[in-house]
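A look at the structure
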Amino acid sequence: MSTSSSSSAHEARLAIGKRLREILRDSGTTARALAQAAGWDESKCSRLTNGRTLPSDDDIRIWCRICGVEDEIPDLIAASRDADSMYMEWRRLQRSGMKRLQETRVSLYEQTRLFRFYCSQFMPWPLQTPGYMRAVLSAFADFHEAPRDIDEAIAARAARSRLLYEGDHRFAIVLEESVLHDRIADDDVMAGQLGQLLEGMSLPSISLGIIPSDARRKLWTMETFSIYDDKRVFVELLSAGVTVTQPREIALYIKGFTELASNAIYGNKARALITAALASLG
């Protein structure tokens, strides 16, 4: 799914370029005339209209003013910024600090009623303990050479857990069994984290399934992803976070989640796997 996940960003860029091309055509202005009026090389107009380059806010303002459609500026800038955020390198996201990264999607989380998490690398954030958060965020900051405002980031991430208890939010979570055994933190932290999973399973807002390592399965292990209602998907790659908004791609991830969930075990069988992981800590 990682290949398709970047096409939302590509299609969004193409849509912006198409709209700029339409504005240019409707104005009766040529690309050459626009470039001259803007002080640009004509090739820049081609790059913008073909989606090879995403326009800056100033590019959009200049384009719309020359074409006489300044009322288009706010919507185009909003659409361009949305397209720009669909594929965002972690390094770029973290320039303003780890805390800021934890706060970027809070409004989305608050509005979401059904969360679906497929986790192949880490425990799902709604059930992470502060100790586990510290281990993950510290490793992440080290790898990506990000600002180390770890304490502030932990506080911001932990604040989201209130959604488990507030409103009518529901959480469908599917874990690969390997996540239970990955020693991302020391044994004490991992024991606390596994205990948190057991406690979380008792919450009425949570459905937790685990795909056993020896399960016969229809889909392979893939990148961690999360689905927010039927409106948005977030995919976690090594280098970037990818936001998917194209309906057909969202449908693909929902189908994938359903297939993965069908390979998972639940209830007492899932508890037995978590308990076995606890026992393996020594």
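Now for a look at the structure at hand. This one's a predicted model, so the numbers in the text were calculated from it and none came from an experiment.

1. As for the pairing of strand E7 (residues 240-244)
- Most of E7 sits out of view: five of its five residues are buried.
- Where burial is concerned, the two faces of E7 agree: the one with Ala240, Val242 and Val244 and the one with Gly241 and Thr243 are both buried.
- The turn linking strand E6 (residues 232-236) back onto E7 is made up of three residues.

2. Comments concerning the nonpolar core
- Counting residues in each nonpolar core, the largest one holds 35 residues, and the members touching the most others are Met123, Leu175, Leu180, Leu197 and Ile274.
- Among the secondary structure elements, those contributing two or more residues to this core are helix H9 (106-111), strand E2 (114-119), helix H10 (130-144), strand E3 (170-176), helix H12 (178-181), helix H13 (187-200), strand E4 (206-211) and helix H15 (267-279).
- Excluding its chain neighbours within four sequence positions, the residues that come into contact with Leu180 are Met123, Leu175, Met190, Leu194, Leu197, Ile210, Leu273, Ile274 and Ala277.
- Core analysis: the next-biggest nonpolar cluster, separate from the first, contains 20 residues, Val233, Val244, Ile250 and Leu260 among them.

3. Quick look at H10
- Across its 15 residues, H10 extends 21 Å between first and last C-alpha, which sits within 8% of the 21 Å expected from 1.5 Å per residue.
- Looking only at H10, the buried set comprises Tyr132, Met133, Ala135, Val136, Leu137, Ser138, Ala141 and His144.
- Trailing H10 by a residue or two, Glu145 shows a phi angle of about 55°, which is positive.

4. As for the environment of His169
- Take His169: it is sitting in the loop between helix H11 (150-159) and E3.
- We classify His169 as buried; its relative accessible area is 8%.
- As for His169 and Glu110, which are separated by 59 residues in sequence, their C-alpha atoms are 8.5 Å apart.
- Those residues in contact with His169 that sit more than four places away from it in its chain are Tyr109, Glu110, Thr112, Arg113, Phe115, Leu163 and Ser205.

5. Brief notes about H11
- The complete set of buried residues in H11 reads Ile150, Ala153, Ile154, Ala156 and Arg157. Relative to the axis of H11, the buried residues are bounded by an arc of 165° and lie together on one face.
- Lining the buried residues of H11 we find helix H8 (98-103) and H10.

6. A word on the pattern of salt bridges
- Applying the stated rule across the entire model yields 16 salt bridges.
- One salt bridge connects Glu22 with Arg19, and the closest N-O pair in it is separated by 3.1 Å. With Glu22 and Arg19 both in helix H2 (residues 7-27), this residue pair falls three residues apart, about one helical turn.
- Residue Glu22 is classed as partly exposed on the basis of its relative accessible area, which comes to 22%.
- Using a relative accessible area of 26% as the deciding quantity, one classes Arg19 as partly exposed.

7. A look at the pairing of strand E5 (residues 225-228)
- A two-sided burial pattern is seen for E5, the buried positions comprising Phe225 and Ile227 on one face and Ser226 and Tyr228 on the other.
- In the sheet, E2 pairs with E5 via four bridges, with the strands oriented antiparallel. Counterpart to Phe117 in the pairing with E5 is Ser226.
- Pairing analysis gives four bridges linking E5 to E6, with the strands arranged antiparallel. Pairing of Ser226 across the sheet is with Phe234, part of E6.
- What sits between the antiparallel neighbours E5 and E6 is a turn of three residues, in which Asp229 has the positive phi angle 50°.

Criteria and cut-off values
- Residues numbered from 1 in each chain as written.
- Predicted model: local features only at pLDDT ≥ 70, side-chain atom pairs only at ≥ 80, totals over all residues.
- Heavy atoms only, no water.
- Buried < 20%, exposed > 50% of the residue type's maximum accessible area, 1.4 Å probe, protein only.
- Helix = DSSP H or I, 4+ residues; strand = E, 2+ residues; numbered from the N terminus.
- Pairing = 2+ DSSP bridges.
- Core = buried A, V, L, I, M, F, W, Y, C linked by side-chain atoms within 4.5 Å.
- Contact = heavy atoms within 4.5 Å.
- Expected span 1.5 Å × (residues − 1).
- Arc of directions from axis to C-beta.
- Salt bridge = Lys/Arg side-chain N within 4 Å of Asp/Glu carboxyl O.

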